[in-house]
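Chain by chain, the residues:
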Amino acid sequence: GQLTIPLMKKHKVVPHVAGAIEAVSSTGGLILPPVMGVVAFIMAAFLETTYARVCIAAAIPAILYYAALYIQVDRYTARRGFDRLSKEETPLLKKAMGEFWIFIPPIAVLFYTLFFMGLEAEECALLATGAIIIVSMFKKTNRLTLRKFLKTLEESGRGVLEMTVICAVAGFIVGVVLFTGLAFSLTQVLIAICGGNLFLLLIFAAIMCVILGMGMPIVTVYIITALLVAPVLDNLGISGMPAHMFVYYWGMLSFLTPPVMLSVFAAATLARANSWSTARVAMRLGVAGYIVPFAFVYNPALLAQGPALEIVISALTAFLGIAMVAIGLEGFLLLALNWVQRILLFMGGLALLVPSGNFRLLGLSIAVILFIWEWIRVKRSRQRQNIEGLEESGSVRVS
């Protein structure tokens, strides 16, 4: 944020929007494979599966999250007529790759050892770290000297100590929940309130995850929600990966959702913007984070579970759906959209996220009609501009 927010403000992005973009994009790193933070390791242990399997399941939802963010930012800049950067401000690809190629080998090692060799996650991390040390030797400015190495060990030790404290506190919470029967009691209460209605239960579970996650580190947030909320979903048949991903997403969203919204407060401080204005924009930009968890609970294909063809179809329709939702919220496609078009785009996008042929057909029909409508509007607008241009030059006489 210290780098990107001033850069956005320099190019005339208003402060609270710059802060919101940074808050949403940074928070999304928690759900983006292949790293996903420490939570992915803990989730793998909870589900008794591999770290690679958790990363594969998280891939499509994470792409949808960033797709919605990118489309909204792109339409925001188009609506306000932002120009492309000048050649002086745009670095050459060859020069950029010459400076930053050293980041590629460690990531390649991490991917290869994790997904192709099938090694344990800690072994993959160790080998990737070794690759970082080796490639850093090729450039003098990045070279790892003895002093830098000792400093790295010190900072790593501090990080391990922090994680140890967090895990110890989380272990205490686990013990309290298990021995007091709190998880079982909460499950029964919520099911009784919702009357067995899954959608209503998901809404209550989402609200609980946001409340439980307020102001806490993401590891603690996930452990608490996995122990208290995931069993509630399990009792209605939503078990395993969908349930844990659902509580993880909504626990993460406490970083963007008022009143605590730690990511938003941090970004607003850096941007010197109003926190509530920043939060309002951040919730809009992070819309996929609020919608996609409901989608993959009803359609596990979005978590790469099920036949390959269904996974591909679900991913493509979900991408189109989330794009329609993002455009509808931003209110600009090729021209400014009116409220009817925006509502239709939003509803059509939601329909495409429903795992039903009829709903997908409805959403696709709305998309085709609106895009044709927009194409006709653009064509007419250009014709009017051409006529006005000719009139101003005196080539056309208007009666």
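One numbering rule holds for all chains: residues counted from 1, following each sequence as written. Residue-level local features of this predicted model are given only where pLDDT is at least 70; pairs of side-chain atoms are given and counted only at 80 or more, and the full residue set underlies all totals for whole chains, interfaces and linings. As a rule here, side-chain values come from all non-hydrogen atoms in the structure, and water together with hydrogens is ignored.

Brief notes about the overall build of the chain
Argument step 1. Helix and strand definitions here come from DSSP, where helices need a minimum of 4 consecutive H or I residues and strands a minimum of 2 consecutive E residues; each element is numbered from the N-terminal end. Within the chain, the regular secondary structure consists of 19 helices and 0 strands.
Argument step 2. Throughout, a contact is declared for two residues whenever any of their heavy atoms are within 4.5 Å. Put simply, 69% of the contacts in the chain that link residues at least 6 apart link residues at least 24 apart.
Argument step 3. Working note: accessible area of the chain is about 21,800 Å², and carbon and sulfur atoms make up 69% of it.
Argument step 4. Both charge centroids of the chain, one from 29 positive and one from 20 negative side chains, sit 9 Å from each other. All accessible areas in this document rest on Shrake-Rupley with a 1.4 Å probe, and a residue is counted as covered only by the protein chains that are shown. Think of it this way: Lys and Arg go in the positive column, Asp and Glu in the negative one, and His and the chain ends go nowhere. Taken as the charge location is NZ of Lys, CZ of Arg, CG of Asp or CD of Glu.

Here's the deal with the layout of surface pockets
Argument step 1. A 1.4 Å probe that fits but cannot get out identifies a cavity on a 1 Å grid over protein atoms alone, an open set with protein on both sides within 12 Å along at least five of seven lines counts as a pocket, and a residue lines either if it has an atom within 4 Å of a point. Grid points are joined across faces, edges and corners, and a volume is the space filled by probe spheres set on the points. Its boundaries defined by the atoms lining it, the largest pocket holds a volume of some 490 Å³.
Argument step 2. Along the wall of the largest pocket there are 17 residues; nearest its centre are Met8, His11, Val13, Phe82 and Leu85.
Argument step 3. Counting residues per element, the lining of the largest pocket draws most heavily on helix α1 (residues 4-10), which supplies 4 residues.
Argument step 4. Each residue is assigned to one class: nonpolar for Ala, Val, Leu, Ile, Met, Phe, Trp, Tyr, Cys and Pro, charged for Asp, Glu, Lys and Arg, and polar for all the others, Gly among them. A per-class count over the lining of the largest pocket returns 8 nonpolar, 4 polar and 5 charged.

Examining the environment of Phe359
Argument step 1. Position of Phe359 among the secondary structure elements: in helix α19 (residues 357-393).
Argument step 2. In contact with Phe359, not counting residues within four places along its chain, are Ala351, Leu352 and Val354.

Regarding the pattern of salt bridges
Argument step 1. By definition, a salt bridge exists where a carboxyl oxygen of Asp or Glu is found within 4 Å of a side-chain nitrogen of Lys or Arg. Applying the stated criterion to the full structure yields 6 salt bridges.
Argument step 2. Through salt bridges with shared partners, a single ionic network connects Arg80, Arg284 and Glu330.

Considering the side chain of Ser254
Argument step 1. For Ser254, the location among the structural elements is in the loop between α13 (241-252) and α14 (262-271).
Argument step 2. Those residues in contact with Ser254 that lie beyond four places of it in its chain are Val210, Gly213, Met214, Met261 and Leu262.

Things to note about helix α7 (residues 121-136)
Argument step 1. The span expected for a helix works out to 1.5 Å for each residue beyond the first. Taking 1.5 Å per residue, 16 residues should reach 22 Å; α7 reaches 22 Å between its end C-alpha atoms and fits that length.
Argument step 2. Exposure classes here rest on a 1.4 Å probe applied to the protein chains alone. A residue is buried below 20% of its type maximum, exposed above 50%, and partly exposed in between. Among all positions of α7, only Ala121, Cys124, Ala128, Ala131, Val135 and Ser136 are buried. Considered in projection along α7, the buried side chains sweep an arc of 125° and stay on one side of the axis. Summarising the geometry of α7, the exposed residues directed more than 90 degrees from the buried face are Glu122, Leu126 and Ile134.
Argument step 3. In this fold, the buried residues of α7 make contact with α3 (39-47), α4 (51-79) and α6 (104-116). When we speak of the arc, we mean the arc of directions from the helix axis to the C-beta atoms.

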